[in-house]
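# Descriptive analysis of the structure
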Amino acid sequence: MALDKIGIAKRIAQELRDGWYVNLGIGIPTLVANYIPEGIEVEFQSENGVLGMGPFPFEGEEDADLINAGKQTITVLKGAAFFDSAMSFSMIRGQHVQLTVLGAMEVSQNGDIANWKIPGKMVKGMGGAMDLVASAENIIVAMMHSNREGESKILKKCTLPLTGVGCVKKIVTELAVLEIRDNKFYLIERAPGVSVEEIVSKTEGDLVVPDFVPEMVL
Amino acid sequence: MNKVVKNVEEALVGIEDGMTLMLGGFGLCGIPENSIAQLVKLGVKELTCISNNAGVDDFGLGLLLHGRQIKKMISSYVGENAEFERQMLSGELIVDLIPQGSLAERCRAGGAGIPAFFTPAGYGTEVAEGKEVREFNGKPHILEMALTADFAIVKAWKGDTEGNLIFKATARNFNPMMAMAGKITIAEVEELVPAGELNPNDIHTPGIFVQRIFKGEKFEKRIEQRTVRIKN
């Protein structure tokens, strides 16, 4: 069965390593913080100026001066730090953040990503996404395999305006874990109960399928 | 060096039609809300506003958009504002969307006397159109120019009569860089204290960057996305 948002977040959480600083984008990526594997410690950076982000506050304890990049009220953990936006992006551009997790509208087999604009329809802006994808060494994209019309978002070539070029190396969708190498997608794992055929049929880009594709263990 | 002005009316003297303003804040967090209300009252028009976001429909810079006071916005993210989207898609409003880190650094550069810098952000995208590209360490970068403003308007938690500022939590965001990049920088603060009361070790923005400071009359501090967890 295809994963729900929580399943995608759980699978991405398995990629976390002890001691990493991690930036989580808005949406599914935010959920990753809820499933940190036991025995490891990571610290979450939010580009509006906080390291050491904690859970949402209890009702009545919200602080208008303390939010995440999605403008949600948050708390901070012991050892947290606040800083300005220039320093925040120094951490990102300077590659001091080990992992970036973000959403996408489209990804292509050469690692291009599009997630900020649909010409004529939706223009919200790129926020920090262009800075993040241009500099991060380790980017995981959390996304759905196809759009509402059933069209694949895992493409030979992106059709929407790009956020970054040649930067995505790993994708986790509701159906599969894919890696990008040598201008191709590689099928690494499939969601429990999802067939290889379904993944192949919903992937427009060139997909390399090994003889044996393990199921995700969640 | 007393930089204190009596109130918001006095603080904003000199702001005229057609000027470029920088306004601190991320979403509605750390925005100079008293000054924005005064800009609405003044009715100044044809403004170019440099601010990470454009507020929401009925708060923050959304208030200036409603009065058609803004000619051009330079921002990184403008969701959450239907009137903004309408004016942008209809062509009434000129919008320059730039990556958030580049926006922050362009303001910092403007205040730091650095005319331009190279960054990898935006290479290969619309943002890079018309910009010089140069490779460093095998990676392409684009040239981004510094930003300055006629007036920078920032919001701080505490300030003193010398203009020294301390920000609270994530309300700091763009305020320190914008304070550096204004020809005239106006700070509105929640608490205004005499020189000597703030510990010099704690100052985030030194008073040299601030020309006028005043205590804001009232801070609504609206929350954009109130998100809580339930106590068991």
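The structure contained in this document is the topic of the report that follows.

With that out of the way, let us pick up the overall build of chain B. When helices and strands are counted, chain B shows six helices and eleven strands. Here chain B has a C-alpha radius of gyration of 18 Å; the compact-globule value for 232 residues is 17 Å, and the two agree. Reported as C-alpha extents along the three principal axes, the dimensions of chain B are approximately 55 × 50 × 40 Å. Taken across its 232 residues, chain B has 55% of its residues classed as buried. Residue pairs at least 24 apart in sequence account for 70% of intrachain contacts in chain B once pairs closer than 6 positions are excluded. Summed over all atoms, the accessible surface of chain B reaches about 9700 Å², with 50% contributed by carbon and sulfur. The averaged location of the 30 negative side-chain charges in chain B is 4 Å from the averaged location of its 26 positive side-chain charges.

A few words now on the interface of chain A and chain B. The interface is formed by 49 residues belonging to chain A together with 52 residues belonging to chain B. Summed over both sides, the interface between chain A and chain B buries roughly 4200 Å², with carbon and sulfur atoms accounting for 59% of that surface. Three residues, A:Asp65, A:Lys71 and A:Lys124, lead the burial of chain A against chain B; their summed loss comes to 19% of the area buried on that side. Here chain A and chain B share five salt bridges between them. Across the pair A:Glu62 and B:Arg226 runs a salt bridge whose closest N-O atoms are separated by 2.9 Å. Inspection of the chain A/chain B interface yields 25 residue pairs in polar contact (both at pLDDT 80 or more). Mapped by element, the contributors of at least two residues to the side of chain A that touches chain B are helix H3 (85–93), strand E9 (122–123) and helix H4 (129–135) of chain A. Class assignment for the residues of the side of chain A that touches chain B results in 22 nonpolar, 14 polar and 13 charged.

Consecutive side chains along a regular strand alternate between the two faces of the sheet. Residue and element names in this part refer to chain A. Counted residue by residue, strand E14 (residues 184–190) has five buried out of seven residues, so it is predominantly covered. Two strands pair when backbone bridges link them, and strand E13 (residues 176–181) and E14 are joined in this way by six bridges, in the antiparallel orientation. Counted as the bridge partner of Leu178 is Leu187 from E14. Counting the residues in the hairpin turn of E13 and E14 gives two residues, including Asp182, whose phi is positive at 45°. Summarising the sheet, E14 and strand E15 (residues 207–208) pair through two bridges and their orientation is parallel. When the sheet's bridge partners are listed, Tyr186 is paired in E15 with Val208. Each parallel crossover has a hand, and for E14 linked through helix H5 (residues 196–201) to E15 it is right-handed.

Attention now goes to the packing of aromatic side chains. Taken as a whole, this structure holds one aromatic pair over all chains when the rule is applied. Above the ring of B:Trp157, the side-chain terminus of B:Lys158 is found at 4.4 Å from the ring centroid. Sitting over the face of the ring of A:Phe58, B:Arg229 holds its NZ or CZ atom 4.0 Å from the ring centroid.

Moving on, we get to the pairing of strand E3 (residues 50–53) of chain A. Residue and element names in this part refer to chain A. Judged from the two bridges that link them, strand E2 (residues 43–46) and E3 form a sheet pairing that is antiparallel. By the bridge assignment, Gln45 is partnered in E3 with Leu51. Counted along the chain from E2 to the antiparallel partner E3, the turn is three residues long, and its residue Gly49 has a positive phi close to 120°. Bridging between E3 and strand E4 (residues 76–82) involves three bridges; their strand directions are antiparallel.

All names here are of chain A. Strands sit in the order E7-E6-E11 across an open sheet of three strands; the sheet is mixed. With partners counted over all chains shown, the strands left at the sheet margins are strand E7 (113–114) and strand E11 (154–155), one partner each. With two bridges connecting them, strand E6 (residues 106–108) and E7 associate as antiparallel partners. Along E7, the bridge assignment pairs Glu106 with Ala114.

Residue and element names in this part refer to chain B. Spatial strand order, E5-E7-E6: three strands in an open sheet with antiparallel pairing. Each end of this open sheet is capped by a strand with a single partner; those strands are strand E5 (116–119) and strand E6 (133–136). Here the strands of the sheet are splayed against their neighbours by 40° on average, with no regard to which way each runs. Pairing geometry for E6 and strand E7 (residues 139–145), over four bridges, is antiparallel. Each residue of the ladder has a partner; that of Arg134, found in E7, is His141. Taken strand by strand, helix H5 (residues 100–112) contacts E5 and E7, and its axis lies near 155° from that of E5.

The final tally for this structure, using the stated rule, is 26 salt bridges over all chains. A:Lys117 is the salt-bridge partner of B:Glu126, the closest N and O atoms lying 2.9 Å from each other. With B:Glu126 in the loop between E5 and E6 and A:Lys117 in strand E8 (residues 117–118), this residue pair bridges two chains. In this structure A:Lys117 comes out as buried when scored by relative accessible area, which is 18%. The salt bridge involving B:Lys155 is made with B:Glu190; its shortest N-O contact spans 2.4 Å. With B:Lys155 in strand E8 (residues 149–160) and B:Glu190 in strand E10 (residues 182–193), this residue pair connects regions lying 35 residues apart in the sequence. Like B:Lys155, the residue B:Glu190 is buried in the burial classification. One salt-bridge network, held together by shared partners, links A:Arg11, A:Glu15, A:Lys170, A:Glu179, A:Arg181 and A:Glu189.

The rules behind each value
Residues numbered from 1 in each chain as written. Chains lettered and ligands numbered in written order. Predicted model: local features only at pLDDT ≥ 70, side-chain atom pairs only at ≥ 80, totals over all residues. Heavy atoms only, no water. Helix = DSSP H or I, 4+ residues; strand = E, 2+ residues; numbered from the N terminus. Rg over C-alpha atoms; globule rule 2.2 N^0.38 Å. Buried < 20%, exposed > 50% of the residue type's maximum accessible area, 1.4 Å probe, protein only. Contact = heavy atoms within 4.5 Å. Areas by Shrake-Rupley, 256 points an atom, 1.4 Å probe, with all protein chains shown as cover. Lys, Arg positive; Asp, Glu negative; His and termini not counted. Charge placed at Lys NZ, Arg CZ, Asp CG, Glu CD. Buried area = accessible area lost by both parts, 1.4 Å probe. Salt bridge = Lys/Arg side-chain N within 4 Å of Asp/Glu carboxyl O. Polar contact = N/O pair within 3.5 Å; in protein donor to acceptor, adjacent residues only side chain to side chain. Nonpolar A, V, L, I, M, F, W, Y, C, P; charged D, E, K, R; others polar. Pairing = 2+ DSSP bridges. Right-handed = clockwise from strand over helix to strand, strands pointing away. Phe/Tyr/Trp six-rings, centres within 6.5 Å; stacked < 30°, edge-to-face > 60°. Lys NZ or Arg CZ within 6 Å of the ring centre and 35° of its normal. Axes fitted to C-alpha atoms, helices over the stretch in contact; angles between N-to-C directions.

From the geometry alone we can't say anything about function, so treat these as descriptive.
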